[in-house]
Amino acid sequence: DFEPKSGYEGDTVTIYGQYLGFAASTSVIRIGNSRAHVVMTSSDSVRIQVPRMGNTCPISITTSEITVVTTENFVVLYHGMIWSFGYTSITSDLNDIVWSGTEYLAVGNDGAIIVSPDAVIWTERQSGTNVNLFGVARYGGLYVVVGAGGTILTSGDGIDWSRYIWAPEVSFFDVTWGPGRFVIVGTFGQVLKSPDGLNWWSVETGVSNWLYCVIHTGDEYAMVGSTGMIITTPDLTEWSTDEAVTRNHLLDAIRTTSALTLVGHYGAVFVRHDGGDWFRGISNTMDHLLGVAGYENRMVAVGVDGTVIASFDHGGSWIKRTTITSSDLNGIVWGDGRYVAVGQNGVILFSN
């Protein structure tokens, strides 16, 4: 027997039986096909550590003569597997979310801004505008929020906001911080940069596609957009474009330990490892994917009709999760040891 019956990577599991102290020193213990590290042994028990793996499987002990397998599976738990609702009075669509280190801040349509320290109970903040807000970033104690009508909002505390209009005919969809600057992307290939979030300059990209996402990978800025547009630049002066990967709209991107992963319409997932070429991830869905977040080699992507898929190999393969909503999920963040997703009609989900 063994207990507990489920756990996360790194948790300990105790196996009970006979002659285990001797067996553990001369055998291999696995959960599924993944070898487990032995933490402690006694005559009738062995304590192991849950290895990095993706499947719920029996536990096995293999000696030179025999393999013993548990009759029950050990259930591997992952973040993004079990979801609960957050509580807010907001009914507008929520489009993006950021974790500041002390609070989550989400933005949405009709000027919606809400905050929460724990993703459970949310408080509304007055943004001073009723335009749709699409993107948010934070760095150096400053929030920057962008939206329709060329709107740029800034705040040091998430309570009092200053508003700046770049151009009423432009919409901005995303904002990020890179070395020494904030960067905004939007309609018609529009890119802005600012060292302080207050003074902004236009950057010429040479493309007219709508750009929906911008991130800094550690080496360069990566921007994705309509009809499969991918552009990268180390310094916002020299640009590389790649439109041959897909014609589907690409809506979000994430940099993990050694790979850049993109998600978009019709379940599109594309991955490029450092120094490699783009390849298509196996998303196991045709639903539009609207947001992605994660850490190390793990990530969760969300999309229309409450779609949630999870990957444990930098986006190469995905498992579809069951959620508790059919609302579109527009954005997701990893912060404070959990995923938090926001979406249609003010829906908020957080992973246990």
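Above this text you will find the structure in question.
Presented here is an overview of the structure given in this document. (Residues numbered from 1 in each chain as written. Predicted model: local features only at pLDDT ≥ 70, side-chain atom pairs only at ≥ 80, totals over all residues. Heavy atoms only, no water.)

### Notes on the overall build of the protein
Within the protein one finds one helix and 37 strands. Here the protein has a C-alpha radius of gyration of 23 Å; the compact-globule value for 352 residues is 20 Å, and the two agree. Dimensions of the protein, computed from the C-alpha atoms along their principal axes, are close to 75 × 45 × 35 Å. Expressed as a percentage of the 352 residues in the protein, the buried residues total 55%. Long-range contacts, defined here as pairs at least 24 residues apart, represent 44% of the contacts in the protein between residues at least 6 apart. Carbon together with sulfur atoms contributes 48% to the accessible area of the protein, which is approximately 15100 Å² in total. For the protein, the centre of its 18 positive side-chain charges and the centre of its 34 negative side-chain charges are spaced 5 Å apart. (Helix = DSSP H or I, 4+ residues; strand = E, 2+ residues; numbered from the N terminus. Rg over C-alpha atoms; globule rule 2.2 N^0.38 Å. Buried < 20%, exposed > 50% of the residue type's maximum accessible area, 1.4 Å probe, protein only. Contact = heavy atoms within 4.5 Å. Areas by Shrake-Rupley, 256 points an atom, 1.4 Å probe, with all protein chains shown as cover. Lys, Arg positive; Asp, Glu negative; His and termini not counted. Charge placed at Lys NZ, Arg CZ, Asp CG, Glu CD.)

### Observations regarding the nonpolar core
Counting 28 residues, the largest nonpolar core has Ile 15, Ile 48, Ile 59, Phe 74, Trp 83, Val 300 and Ile 332 as the members making the most contacts within it. Setting aside residues no more than four positions away along its own chain, Val 300 makes contact with His 79, Gly 80, Trp 83, Gly 291, Val 292, Ala 293, Val 308, Ile 309, Ala 310, Trp 318, Ile 332 and Tyr 339. Residues Ile 90, Ala 106, Ile 114 and Ala 119 belong to the second largest nonpolar core, which totals 14 residues. (Core = buried A, V, L, I, M, F, W, Y, C linked by side-chain atoms within 4.5 Å.)

### A closer look at the side chain of Thr 70
Following the sequence through the fold, Thr 70 ends up in strand S9 (residues 67-76). Polar contacts involving the side chain of Thr 70 include one to the main-chain carbonyl oxygen of Glu 72, which spans 2.8 Å. With sequence-adjacent residues up to four places away left out, Thr 70 is seen in contact with Phe 2, Pro 58 and Ile 59. (Polar contact = N/O pair within 3.5 Å; in protein donor to acceptor, adjacent residues only side chain to side chain.)

### A look at the pairing of strand S35 (residues 329-335)
For S35, a buried count of six out of seven residues is recorded, marking the element as mostly surrounded by other parts of the structure. The hairpin turn running from S35 into strand S36 (residues 338-343), its antiparallel successor, is two residues long, and Asp 336 in that turn takes a positive phi close to 55°. (Pairing = 2+ DSSP bridges.)

### Concerning the environment of Pro 234
Within the element layout of this structure, Pro 234 appears in the loop between strand S25 (230-233) and strand S26 (240-242). The spatial distance from the C-alpha of Pro 234 to the C-alpha of Tyr 221 is 6.0 Å, given a sequence separation of 13 residues. Once you skip the residues sitting within four places of it in the chain, Pro 234 turns out to touch Asp 219, Glu 220 and Tyr 221.

### Quick look at the sheet that holds strand S6 (residues 37-41)
Here four strands make up an open sheet; going across it, the order is S1-S3-S7-S6 and the pairing antiparallel. Strands at the two margins of the open sheet, each flanked by one partner only, are strand S1 (2-3) and S6. Sheet analysis places S6 next to strand S7 (residues 45-49), joined by four bridges and oriented antiparallel. Bridge assignment links His 37 to a residue of S7, and that residue is Gln 49.

### Structural notes on the pattern of salt bridges
Evaluation of the coordinates by the stated rule reveals five salt bridges. The shortest N-O distance in the salt bridge between Lys 5 and Glu 72 comes to 3.1 Å. Here Glu 72 lies in strand S9 and Lys 5 lies in the loop between S1 and strand S2 (6-7), a separation of 67 residues in the sequence. By relative accessible area, Lys 5 is classed as partly exposed at 32%. Looking at Glu 72, the relative accessible area reads 39%, which means it is partly exposed. Through salt bridges with shared partners, one network takes in Asp 1, Lys 5 and Glu 72. (Salt bridge = Lys/Arg side-chain N within 4 Å of Asp/Glu carboxyl O.)

### Re unusual backbone geometry
Residue Pro 4 is bonded to the preceding Glu 3 through a cis peptide linkage, with omega at -5°. One can find Pro 4 in the loop between S1 and S2. Positive phi, close to 50°, is recorded for Thr 227, a residue that is not glycine. Relative to the assigned elements, Thr 227 resides in the loop between strand S24 (221-225) and S25. Unusually for a residue other than glycine, His 314 sits at a positive phi of about 65°. Position of His 314 relative to the elements: it lies in the loop between strand S33 (308-311) and strand S34 (319-321).

### With respect to a nonpolar patch on the surface
Judged by side-chain polarity, Phe 85, Tyr 87, Ile 121 and Ile 324 come together as a nonpolar surface patch covering roughly 400 Å² of accessible area. Within the secondary structure layout, Tyr 87 lies in the loop between strand S10 (83-85) and strand S11 (94-99). Among the residues examined, Tyr 87 registers a relative accessible area of 52% and is labelled exposed. (Patch = residues over 30% accessible without salt bridge, like charges linked within 9 Å, V, L, I, M, F, W, Y side chains within 5 Å.)

### Comments concerning the pairing of strand S29 (residues 269-273)
Where strand S28 (residues 259-264) lies against S29, five bridges are found, and the strand directions are antiparallel. Residue pairing across strands places Leu 262 opposite Phe 270, the latter belonging to S29. As consecutive antiparallel partners, S28 and S29 are separated by four residues, and within that stretch Tyr 266 has a phi angle of approximately 55°, a positive value. Alignment of S29 against strand S30 (residues 279-280), held across two bridges, turns out to be antiparallel. Paired with Val 271 across the bridge in S30 is Phe 279.

### Topic: the sheet that holds strand S12 (residues 104-108)
Ordered in space as S11-S12-S13-S14, the four strands form an open sheet in which the pairing is antiparallel. At either end of the open sheet lies a strand with only one pairing partner, and these are S11 and strand S14 (123-125). Across the sheet, the mean angle from the axis of one strand to that of its neighbour is 25°, orientation sign disregarded. Of the pairings in the sheet, the one linking S11 to S12 comprises five bridges and is antiparallel in character. Paired with Asp 96 across the strands is Val 107, a residue of S12. (Axes fitted to C-alpha atoms, helices over the stretch in contact; angles between N-to-C directions.)

Such coordinate-based values are descriptive only and should not be taken to indicate function.
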